[in-house]
Amino acid sequence: MKWTTGIEVQVSGAMITGAEVRSDGTCKLTIEIVLPENKEEATTEVTTKKVKVKGDVLKLVEASKLSLDDKFMQYEPEKGTKEARFKESLTKVIQSGVSDFWRPNLDPSFDETGESICYVAGKKPAVGKSKNWWKEVAKKVGLQEGTKKQYVAFLGCLIKKLVEKGWEVSQAWYAVCSDSKKLGHYWNSEYAKHDFEMTGSREVCDFYDLGNSFKILAEDEEEKAGGFWLAGGLYVIDGYYYPLAGLAHCNDVGSDYVDSVGWLVLNCSTDN
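Residues numbered from 1 in each chain as written. Predicted model: local features only at pLDDT ≥ 70, side-chain atom pairs only at ≥ 80, totals over all residues. Heavy atoms only, no water.

A. Structural context of the sheet that holds strand β10 (residues 144–145). The strand order β5-β6-β16-β10 describes an open sheet built from 4 strands, whose pairing is antiparallel. Looking at which strands have only one partner, the edges of the open sheet turn out to be β5 (58–61) and β10. Pairing of strand β6 (residues 101–104) with strand β16 (residues 264–267) involves 2 bridges; the strand directions are antiparallel. Bridging from a neighbouring strand, W102 pairs with L266 of β16. Most of the contacts of helix α3 (residues 148–164) go to β6, to which it runs at about 80 degrees, and overall it touches β5, β6, β10 and β16. (Pairing = 2+ DSSP bridges. Helix = DSSP H or I, 4+ residues; strand = E, 2+ residues; numbered from the N terminus. Contact = heavy atoms within 4.5 Å. Axes fitted to C-alpha atoms, helices over the stretch in contact; angles between N-to-C directions.)

B. Region of interest: unusual backbone geometry. Positive phi, normally seen in glycine, also occurs at H194, with a value near 60 degrees. Judged by its relative accessible area of 51%, H194 falls in the exposed class. Residue D209 is not a glycine yet carries a positive backbone phi of 60 degrees. For D209, the location among the structural elements is in the loop between α4 (169–177) and β11 (214–219). (Buried < 20%, exposed > 50% of the residue type's maximum accessible area, 1.4 Å probe, protein only.)

C. Structural detail: the packing of aromatic side chains. For the structure on display, the rule yields 13 aromatic pairs. Seen in terms of ring centroids, W133 and W134 are 5.0 Å apart; in terms of plane orientation they differ by 85 degrees. Their pairing is edge-to-face. Looking at W133, the relative accessible area reads 17%, which means it is buried. Plain terms: the ring middles of F214 and Y242 are 5.5 Å apart, the flat faces sit at 75 degrees to each other, and that makes the pair edge-to-face. Within this pair, whereas F214 is found in strand β11, its partner Y242 is found in the loop between β12 (228–231) and β13 (247–250), the two being separated by 28 residues in sequence. Linked through ring pairs, F101, Y151, F154, F207 and W263 together constitute an aromatic cluster. When the ring centre of F154 is taken as origin, the NZ or CZ atom of R103, which lies over that ring, is 4.7 Å away. Directly above the ring of W229 sits K148, whose terminal nitrogen or CZ lies 4.2 Å from the centroid. (Phe/Tyr/Trp six-rings, centres within 6.5 Å; stacked < 30°, edge-to-face > 60°. Lys NZ or Arg CZ within 6 Å of the ring centre and 35° of its normal.)

D. Just the nonpolar core, in detail. Formed by 40 residues in total, the largest nonpolar core has its most connected members in F86, L90, L155, L158, W173 and V176. Those elements that place two or more of their residues in this core are α1 (82–96), α3, α4 and β12. If you tally residues by element for this core, the top one is α3, at 10 residues. Residues V127, I216, I237 and C250 belong to the second largest nonpolar core, which totals 27 residues. (Core = buried A, V, L, I, M, F, W, Y, C linked by side-chain atoms within 4.5 Å.)

E. A look at the packing of α1 against α4. Two elements in contact, α1 and α4, have axes separated by 9 Å at closest approach and are oriented at 90 degrees. With respect to α4, the axis of α1 lies roughly perpendicular. Two secondary-structure elements touch here, α1 through K82, E83, F86, K87 and L90 and α4 through W173, Y174 and C177. Across the contact of α1 with α4, the residue classes break down as 5 nonpolar, no polar and 3 charged. (Parallel < 35°, antiparallel > 145°, perpendicular 65-115°, else oblique. Nonpolar A, V, L, I, M, F, W, Y, C, P; charged D, E, K, R; others polar.)

F. Here's a closer look at the environment of F110. By the secondary structure assignment, F110 is in strand β7 (residues 109–110). Placed 13 residues apart in sequence, F110 and K123 show a C-alpha to C-alpha distance of 8.4 Å. Setting aside residues no more than four positions away along its own chain, F110 makes contact with S116, I117, C118, K123, A126, V127, K129 and W133.

G. View of the side chain of K87. Structurally, K87 is set in helix α1. Judged by relative accessible area, which is 11%, K87 ranks as buried. Non-local contacts of K87, meaning those with residues more than four positions away in its chain, are made with M73, Q74, Y75, E76, P77 and W173.

H. How the structure looks around the sheet that holds strand β15 (residues 260–262). Reading across from one edge, β13-β12-β11-β15 is the order of the 4 strands in this open sheet, with mixed pairing throughout. Looking along the sheet, the strands with just one partner apiece sit at the ends: β13 and β15. Shown here is a sheet whose adjacent strand axes are inclined to one another by a mean of 35 degrees, direction ignored. As judged from the 3 bridges shared by β11 and β12, these two strands associate in the antiparallel manner. Bridge pairing links K215 to A231 in β12.

Quick look at the structure:
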């Protein structure tokens, strides 16, 4: 089994301009250092063993490359629809700017102790914990809680990738925003199991577990609404009622959520 981790690295007077997660579990960071008369690039390698993942799990979400000029953003959904509401949210995210970030391409599971997590295919997702628990475990393993802004950007990148893979633009928008039965594990999806699927199921554009369980996001600090958001859908629910773009606001950060897992990321920048 290979071991990797995500940790946040901050360097005074420098900027991290790239990150490469290697197959041996190390991470190579490219850092631009500003010197008095010139700039040069240096690299540093960070190897720790806080959270276990198997294989090449961390995937870069190129959120900064989303543009209002992208082909998929030329789609004009009917007013008042779920697609129209999501496009409005995605447009605001693109206009405000969002940095690239890394995220595991499958849902987390509990490790052998049951007190922390790992990212390994073929295990039951780590459901049944509170928002507060996920906040603490994210710190423990060196990752960050994904924000609503990042989640919206991720779905924008997903629509973009679907279109690049040959999906009709309207079908990609519909699948993400209106009925996600073709993208995730839902009650009305093909081969529904009527129970949690094991992690690493139903690959879509190199990501897995897009349905199956709700995703717990970070506190809603940007909108000052308090509480946090549950995103996506659940295996016992129709993909039309809770598509991937679905968001439900919650205030209880201390109660356990039996059908939800944390949606954790590794930030490339602090402005997400």
